[in-house]
Amino acid sequence: MVLVYINSTTGLSKAALETVTYGKKLSGDVTVITNGAASNEQLAQLGEYGASRVLVDRSVNGEDPQQLARLIAGVADQVSASTVIFSHDIYGKAVAPRLSVRMKAGLVAGAIAIPEADGSVKVNVFSGKAAGFVKVASSKQIISLLPNSIQPEKAGNACEVAEISGLAGESAITILETKKPEGNIPLPEAELVVSAGRGLKGPENWGMVEDLAEALGAATACSRPVADIGWRPHHEHVGQTGVAIRPNLYIAAGISGAIQHLAGVNGSKVIVVINTDSEAPFFKAADYGVVGDAFEVIPRLTEAVKRFKATQH
Amino acid sequence: MNILVCISKAPDTTSKIAFTNNSTQFDENGVQYIVNPYDEWYALVRALELKESIGGNVTIITVGTTADEAIIRKALAIGADEAVRIDADPKDAYFVAMQISSYAKSKGFDIVMTGKETINYNGSQVGGMIAEAMDLPFVSLATKLDASGSKLTLEREIVGGVQVVEVQTPAVISCAKGMAEQRIPNMRGIMAARTKPLTVIPAETVEDLTSYASYSMPNAKSSVKMIDPSNMDELVALLHNEAKVI
Ligand SMILES: Cc1cc2nc3c(=O)[nH]c(=O)nc-3n(C[C@H](O)[C@H](O)[C@H](O)COP(=O)(O)OP(=O)(O)OC[C@H]3O[C@@H](n4cnc5c(N)ncnc54)[C@H](O)[C@@H]3O)c2cc1C
């Protein structure tokens, strides 16, 4: 029996569908536990991705990992789950380690594939410079799945949804304020990412990066120095000491491709590099390269994307 | 504020990553270890800033062998008051968290701080595990931390934004970028670090929950396809037809 935790406060994210799909690949009997405001009709759709039943505790806001650990451990106990699955996002990173101690279950943090034949699970190590295969020795295990590692697959029909309460206890964390810029695609989940570095010369030049991102439906990212000098917000900083991402497409303009930058992005399926310097190290990690001035190439690419989109329906 | 900062070693970011023993062991040959940047730049420096503004004591702790005393001295040189080393070669995050929580339980720390993750195993596990083992609240990925009395006010990253939260001490906090600015130790700090107290404690027996069976290196990219900068329609066509990503 597999238990999957999803956070559904803002609806059913792709990451949530990925974790349910992952659960289905491990077991024919998948229970989903969630909190938050998604309607029962919405939650019932998780059956299409393999859930046998969905349990929801609407009294829990999902922001206190201690409360969530009590809730999830309680449900795991009730349904005799031997495996608990999370998304390796901000919720999974906060709750899965707590649950690991509470259930004395080995934690595979950041899985990028379904388990191998010998039961070990592949994860990125050294910030994506290598992969490791983790073996769990305990009888129970917890796996947190790196977003965008597998694709959601439909495998069934809508399922039953039951409301539960009483397992989570009080929250110790008071939320004073939530600031969420509208319309942004969260970077870790984005399938397409447009990123730029110091080669863009200044924050006033990011309009063309945003235009390209908008034309593609992509998220924006940047190199570390760009975030450090305040041209872009910190949450856009990708790399070894920033966010590690693995989108389908990563377009890097005016970024040299330092080893610490590559570490966070070399899990991307396809990399496009735009740089004036044909010797820039990034070209060695690229699938497609354009030697040219970003100030000319980016707007040209944006126009080409718009022309292409106009032919698609 | 009585603050405990957990620090870990990590290979220098320019280290060449390789494995030996039939790909079952990290090849430490020629690898320089540093203090894990998240632990040093954010957790430790913010702990020192809090101490400087409201008073208190900053202890650093690491689970490691005598070889790790170099990173301990570095953290002391930056300004920590004292250090604890739990004498073991750590096997997994659970082992580390059990050692640290068992030490910290009776010491009355107001805040236990960790970096958001290490740059070698990237697990983001130790902070949450310590919090659970000590039955304390846990605020993860904090980018700002202020203290007043027993109340901590924090900002933390959430999906697509930030959140301001409040929690009572004692609490466990994992620290991300934004918390503080990197500090370079000065000569006085380096001299002082030599005589600051370092307590070595034997490790407790803890069973391993996980291990690495083996490692692998990513497949090398086939060579890059160059596109004429004046022909972006070609790039778009390749991304659609060949790479199939748009
Ligand atoms: C411990 C440590 C951790 C680090 N972690 C990270 C990390 O997580 N992420 C990260 O990104 N970096 C990280 N770094 C920094 C990293 O080493 C590099 O310094 C950084 O990535 C360089 O950023 P950049 O490519 O934007 O700038 P630069 O290296 O200055 O490169 C700018 C590039 O733009 C090109 N260019 C200039 N003008 C144009 C133009 N008009 N059109 C097109 N191209 C142009 C140049 O040819 C050059 O290649 C870390 C460093 C250390 C020591």
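Keep in mind the model is a prediction, meaning the values are calculated, not measured.

1. Focus: the site of the ligand
- Neighbouring residues of the ligand: 28 residues in total, closest Ser223(A), Ser256(A), Gln260(A), His261(A) and Asn275(A).
- Nearby residues place the ligand at the junction of chains A and B.
- Here Gln240(A) contributes a backbone N or O atom positioned 2.9 Å from an oxygen atom of the ligand.
- In the model, a nitrogen atom of the ligand is placed 2.9 Å from a nitrogen or oxygen of the Asp293(A) side chain.
- Residue assignment for the shell around the ligand shows that the elements contributing at least two residues are helix 6 (224–228), helix 7 (259–265) and helix 8 (294–311) of chain A.

2. Some details on the sheet that holds strand 7 (residues 82–87) of chain B
- As summarised here, the arrangement of the ten strands in space is 10(A)-11(B)-10(B)-9(B)-12(B)-8(B)-1(B)-6(B)-7(B)-13(B), forming an open sheet in which the pairing is mixed. The two strands at the open ends of the sheet, each matched to only one other strand, are strand 10 (174–179) of chain A together with strand 13 (198–202) of chain B. The sheet shows a mean angle of 30 degrees between the axes of neighbouring strands, direction not considered.
- Bridging between strand 9 (residues 138–148) of chain B and strand 12 (residues 171–175) of chain B involves three bridges; their strand directions are parallel. Pairing of Phe138(B) across the sheet is with Val172(B), part of strand 12 of chain B.

3. Observations regarding a nonpolar patch on the surface
Residues and elements named next belong to chain B.
- A surface patch of nonpolar side chains, amounting to about 290 Å² of accessible area, comprises Met187, Ile190 and Met191.
- Summarising the element assignment, methionine 187 is placed in helix 5 (residues 187–193).
- By relative accessible area, methionine 187 is classed as exposed at 56%.

4. Re the sheet that holds strand 11 (residues 192–196) of chain A
- One open sheet holds the six strands; their spatial order is 12(A)-11(A)-13(A)-14(A)-15(A)-15(B), and the pairing between them is parallel. Either end of the sheet is taken by a strand with one partner, and the two such strands are strand 12 (219–222) of chain A together with strand 15 (225–226) of chain B.
- Where strand 11 of chain A lies against strand 13 (residues 249–253) of chain A, five bridges are found, and the strand directions are parallel. Its bridge partner being in strand 13 of chain A, Ala196(A) is matched across the sheet by Ala253(A).
- Strands in contact with helix 5 (residues 207–216) of chain A are strand 11, strand 12 and strand 13 of chain A; relative to strand 11 of chain A, the strand with the most contacts, it is inclined by about 170 degrees.
- Docked against the sheet, helix 8 of chain A engages strand 13, strand 14 (270–275) and strand 15 (288–291) of chain A, running at close to 135 degrees with respect to strand 14 of chain A.

5. Some points on the packing of aromatic side chains
- Evaluated as defined, the whole model comprises 13 aromatic pairs over all chains.
- Ring pairing ties together the aromatic residues Phe126(A), Phe19(B), Phe26(B), Tyr121(B), Tyr212(B) and Tyr215(B), which thus form one cluster.
- Its end group placed over the ring of Phe95(B), Lys91(B) keeps NZ or CZ at 4.5 Å from the ring centre.
- Above the plane of the ring of Tyr103(B) lies Lys107(B), whose end atom (NZ or CZ) is 4.4 Å from the centre.

6. Here's the deal with the environment of Ile3(B)
All names here are of chain B.
- Counting through the fold element by element, isoleucine 3 comes out in strand 1 (residues 2–6).
- Linking isoleucine 3 and alanine 142, residues 139 residues apart in sequence, is a C-alpha distance of 16 Å.
- With near-sequence residues (within four places) excluded, isoleucine 3 lies in contact with Ala47, Leu50, Asn57, Val58, Thr59, Phe109, Ile111 and Met113.

7. Describing the interface of chain A and chain B
- With 82 residues of chain A in contact, the opposing surface of chain B contributes 81 residues.
- Between chain A and chain B lies a buried interface of about 6900 Å² when both sides are counted; carbon and sulfur atoms form 61% of it.
- Interface area lost by chain A to chain B is led by Arg98(A), Phe126(A) and Tyr288(A), which between them contribute 11%.
- Applying the counting criterion to the chain A and chain B interface returns seven salt bridges.
- The closest approach of N and O atoms between Arg307(A) and Asp233(B), which form a salt bridge, is 3.1 Å.
- Put simply, chain A and chain B have 30 residue pairs in polar contact (both at pLDDT 80 or more) between them.

8. Focus: the pairing of strand 9 of chain B
Residue and element names in this part refer to chain B.
- Among the eleven residues in strand 9, eight count as buried, and that is most of the element.
- The sheet contact formed by strand 9 and strand 10 (residues 151–158) spans six bridges and is antiparallel. In the strand pairing of strand 10, lysine 144 is matched with glutamate 155.
- Where strand 9 hands over to strand 10, the hairpin turn is made up of two residues, of which glycine 149 adopts a positive phi near 60 degrees.

9. Points about the domain arrangement of chain A
Residues and elements named next belong to chain A.
- Domain boundaries in chain A define domain 1 (2–163) and domain 2 (187–311).
- If you average the C-alpha positions of domain 1 and of domain 2, the two centres end up 31 Å apart.
- Across the contact, 13 residues belong to domain 1 and 13 residues belong to domain 2.
- Both sides together, the interface formed by domain 1 and domain 2 hides about 980 Å², and carbon and sulfur atoms give 39% of it.
- Of all residues in domain 1, Ser127, Lys129 and Asn148 give up the largest surface area on contact with domain 2, accounting jointly for 53% of the area buried on that side.
- Inspection of the domain 1/domain 2 interface yields one salt bridge.
- With a shortest N-O distance of 2.9 Å, glutamate 191 and lysine 14 are connected by a salt bridge.

How each quantity is defined
Residues numbered from 1 in each chain as written. Chains lettered and ligands numbered in written order. Predicted model: local features only at pLDDT ≥ 70, side-chain atom pairs only at ≥ 80, totals over all residues. Heavy atoms only, no water. Near = heavy atom within 4 Å. Polar contact = N/O pair within 3.5 Å; in protein donor to acceptor, adjacent residues only side chain to side chain. Helix = DSSP H or I, 4+ residues; strand = E, 2+ residues; numbered from the N terminus. Pairing = 2+ DSSP bridges. Axes fitted to C-alpha atoms, helices over the stretch in contact; angles between N-to-C directions. Patch = residues over 30% accessible without salt bridge, like charges linked within 9 Å, V, L, I, M, F, W, Y side chains within 5 Å. Areas by Shrake-Rupley, 256 points an atom, 1.4 Å probe, with all protein chains shown as cover. Salt bridge = Lys/Arg side-chain N within 4 Å of Asp/Glu carboxyl O. Buried < 20%, exposed > 50% of the residue type's maximum accessible area, 1.4 Å probe, protein only. Contact = heavy atoms within 4.5 Å. Phe/Tyr/Trp six-rings, centres within 6.5 Å; stacked < 30°, edge-to-face > 60°. Lys NZ or Arg CZ within 6 Å of the ring centre and 35° of its normal. Buried area = accessible area lost by both parts, 1.4 Å probe. Domains from an automatic or database assignment.

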